[in-house]
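Each chain, written out:
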Amino acid sequence: MNTRRRHATMPEFEEYVRARHDALLRSARRLVHDPLDAQDLLQTALVRTYRRWDRIADKRLADAYLRRVMINTRTEWWRARKIQELPSAQLPDTSVEDCTEQHADRALLMEVIRTLPHQQRAVVVLRHWEQMSTQETAAALGMAPGTVKSTLHRALTQLRHELQSRDRNTASASATGRRTEPMGPPASSRDSHSAPRMSDSTAAEGRRTAHRPLGVPRPVRAPTGSRSGVPRGHQSSWPGSDS
């Protein structure tokens, strides 16, 4: 870019930077965590974009062009960084923040936003992600400010209903899982079914057999109507009986 064209481009570029500086700085903060590094990243990207400002035919795409420059610059910094290792007898205690819930919420939000129609999704992203005003959103999407407000209201209502519906489904699934969890029988019930139950007559017979002297045969129960306790024809077999 020669000097004459550079001076002609300067006012237009300065106006663009004043209007979009805050939004671009928020984009830089999403790329790097340190606020000072984010400012350096934005300034570097602005310098590189200014050198090619006249090549951007549609200035409405300047934000996208500059964000791409910031991403490329951040990648260059990451590749060129030097890892310094200092020997130490004792390693310092470091704590790592658990971002599991934050990542889960972000993934859920992105999934729910994809359910919106294209126009509602664009309004939500520009108003809440890019922090653009209603007038800026209307100019970027080519619609009236009142349409932006009504579209945003419908989109947020649909997002709220979708999140509530998913929360109810999750709670219902958890409750169903608890109700259908198999439970084993109590210990007393398992013990009672582990061995066959002995009848009262069998138990009494076992007690009589245990106290019977050795060598004494088991008495034979006489049939009904017999006078003696021994069946006929077998009285001689008892010890001490007369022949």
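Visitor: Tell me about the packing of aromatic side chains, residues and numbers included.
Guide: For the structure shown, the criterion picks out four aromatic pairs. Note on phenylalanine 13 and tryptophan 53: the rings are 5.1 Å apart at their centroids and 80° apart in plane angle, and the pair reads as edge-to-face. Of this pair, phenylalanine 13 sits in helix α1 (residues 3-31) while tryptophan 53 sits in the loop between α2 (35-51) and α3 (62-80), placing them 40 residues apart in sequence. Tryptophan 53 sits in the buried class, given a relative accessible area of 1%. Aromatic pair tyrosine 16 and tryptophan 53: ring centres 5.1 Å apart, planes at 40°, arrangement tilted. Taken as a pair, tyrosine 16 in helix α1 and tryptophan 53 in the loop between α2 and α3 lie far apart in primary sequence, 37 residues in all. Following the ring pairs from residue to residue traces out a cluster consisting of Phe13, Tyr16, Tyr50 and Trp53. If you follow lysine 59 out to its NZ or CZ, it ends over the ring of tryptophan 53, 5.3 Å from the centre.

Visitor: Provide a residue-level description of the layout of surface pockets, including the pertinent values.
Guide: A probe as big as a water molecule, rolled over the atoms, marks out the empty space that is left. Each pocket or cavity is described by its volume, and for the largest pocket that value is around 660 Å³. Around the largest pocket, the lining comprises 21 residues; the ones closest to its centre are Arg20, Lys59, Arg60, Asp63 and Ala140. Of all the elements in the fold, those that place two or more residues in the lining of the largest pocket are α1, α3, α5 (118-129) and α6 (134-141). For the lining of the largest pocket, the leading source of residues is α1, giving five residues. Of the residues in the lining of the largest pocket, the class split is 11 nonpolar, no polar and 10 charged. The space that makes up the second largest pocket amounts to roughly 480 Å³. Lining the second largest pocket we find 17 residues, and of these Met110, Ile113, Val124, Val125 and Trp129 sit closest to its centre. Counting only elements with at least two residues in the lining of the second largest pocket, the list comes to α4 (100-113), α5 and α7 (145-179). The dominant element in the lining of the second largest pocket, judged by the number of residues it contributes, is α5, at eight residues.

Visitor: I'd like a description of the packing of α5 against α6, backed by residues and values.
Guide: Interhelical geometry of α5 versus α6 gives an angle of 140° and a closest axis separation of 10 Å. Taken as axis vectors, α5 and α6 run oblique relative to one another. Judged by the sense of rotation from one axis to the other, the crossing of α5 with α6 is right-handed. Contacts between α5 and α6 pair Ala122, Val123, Leu126 and Arg127 from the former with Thr134, Thr137, Ala140 and Leu141 from the latter. Looking at the contact of α5 with α6 residue by residue, the classes come out as five nonpolar, two polar and one charged.

Visitor: Any details on the environment of glutamine 135? Residues and values, ideally.
Guide: Note that glutamine 135 resides in helix α6. When its relative accessible area of 55% is taken as the criterion, glutamine 135 is described as exposed. With 13 residues separating them in the primary sequence, glutamine 135 and valine 148 have C-alpha atoms 8.6 Å apart.

Visitor: Let's hear about the nonpolar core: which residues, and what values?
Guide: Of all hydrophobic cores here, the largest spans 18 residues; its most connected members are Tyr16, Leu42, Leu46, Leu66 and Met70. Sorting elements by how many residues they give to this core places α2 first, with six residues. Listed in part, the 11 residues of the second largest apolar core include Leu116, Met143, Val148 and Leu159.

Visitor: Could you give an account of the side chain of threonine 73, with specific residues and numbers?
Guide: Turning to its location among the elements, threonine 73 is positioned in helix α3. Excluding anything up to four places from it in sequence, threonine 73 contacts Leu41, Thr44 and Arg48.

Visitor: How would you explain the environment of lysine 59 if you had to name every residue and give the values?
Guide: Tracing the chain through its elements places lysine 59 in the loop between α2 and α3. Taking the C-alpha atoms as reference points, lysine 59 and phenylalanine 13, separated by 46 residues in sequence, lie 10.0 Å from one another. Filtering out sequence-adjacent residues up to four positions away, lysine 59 remains in contact with Glu12 and Trp53. Among the polar contacts listed, one links the side chain of lysine 59 to the backbone oxygen of isoleucine 56, at a separation of 2.5 Å.

Visitor: Give a description of the packing of α2 against α3 that names residues and reports values.
Guide: Packed helix pairs are characterised by how far apart their axes lie and by the angle those axes make with each other. The contact between α2 and α3 brings their axes to 9 Å, and the two run at 120°. As far as their axial angle goes, α3 and α2 are oblique. In this structure, α2 meets α3 at a crossing whose hand is right-handed. For the pair α2 and α3, the contacting residues are Asp37, Asp40, Leu41, Leu42, Thr44, Ala45, Leu46, Arg48 and Thr49 in the first and Tyr65, Leu66, Val69, Met70, Thr73, Arg74, Glu76 and Trp77 in the second. Among the residues making up the contact of α2 with α3, the classes are represented as nine nonpolar, three polar and five charged.

Definitions and cut-offs
- As a convention, each chain's residues are numbered from 1 in the sequence order in which they are written.
- The predicted nature of this model means local features are confined to residues of pLDDT at least 70 and side-chain atom pairs, given and counted, to a pLDDT of 80 or more, with totals for whole chains, interfaces and linings taken over all residues.
- Heavy atoms from the whole structure form the basis of all side-chain values; hydrogens and water molecules are not counted.
- Here is the rule: rings of Phe, Tyr and Trp (six-membered ring for Trp) pair when centre to centre is within 6.5 Å. Planes less than 30 degrees apart are stacked, more than 60 are edge-to-face, and the remainder are tilted.
- To qualify as a helix, a DSSP run of H or I must reach at least 4 residues; to qualify as a strand, a run of E must reach at least 2; elements of each kind are numbered from the N terminus.
- Residue exposure (1.4 Å probe, protein chains only): buried if accessible area is under 20% of the type maximum, exposed if over 50%, otherwise partly exposed.
- Consider the ring centre and the ring normal. A charge sits over the ring if Lys NZ or Arg CZ is within 6 Å of that centre and within 35 degrees of that normal.
- The definitions used throughout rest on a 1 Å grid laid over the protein atoms alone, on which a cavity is an enclosed set of points accommodating a 1.4 Å probe that cannot get out and a pocket is an open set flanked by protein within 12 Å on both sides along at least five of seven lines; lining residues are those having an atom within 4 Å of a point.
- Grid points are joined across faces, edges and corners, and a volume is the space filled by probe spheres set on the points.
- Amino acids are sorted into nonpolar (Ala, Val, Leu, Ile, Met, Phe, Trp, Tyr, Cys and Pro), charged (Asp, Glu, Lys and Arg) and polar (every other residue, Gly among them).
- Note on geometry: axes are lines fitted to C-alpha atoms, helical ones only across the stretch in contact, with angles between N-to-C directions running from 0 to 180 degrees.
- Orientation is classified from the angle alone, with under 35 degrees giving roughly parallel, over 145 giving roughly antiparallel, 65 to 115 giving roughly perpendicular, and any other angle giving oblique.
- We call a crossing left-handed when the near helix sits turned anticlockwise from the far one by less than a right angle, and right-handed when that turn is clockwise.
- Here, two residues are considered to be in contact whenever any of their heavy atoms come within 4.5 Å of each other.
- As used in this record, nonpolar core signifies buried Ala, Val, Leu, Ile, Met, Phe, Trp, Tyr and Cys residues forming a set joined through side-chain atoms within 4.5 Å.
- Polar contact is the term for a pair of N or O atoms within 3.5 Å; when the atoms are in protein, one must be able to donate a hydrogen and the other to accept it, and sequence-neighboring residues count only if both atoms are side-chain atoms.

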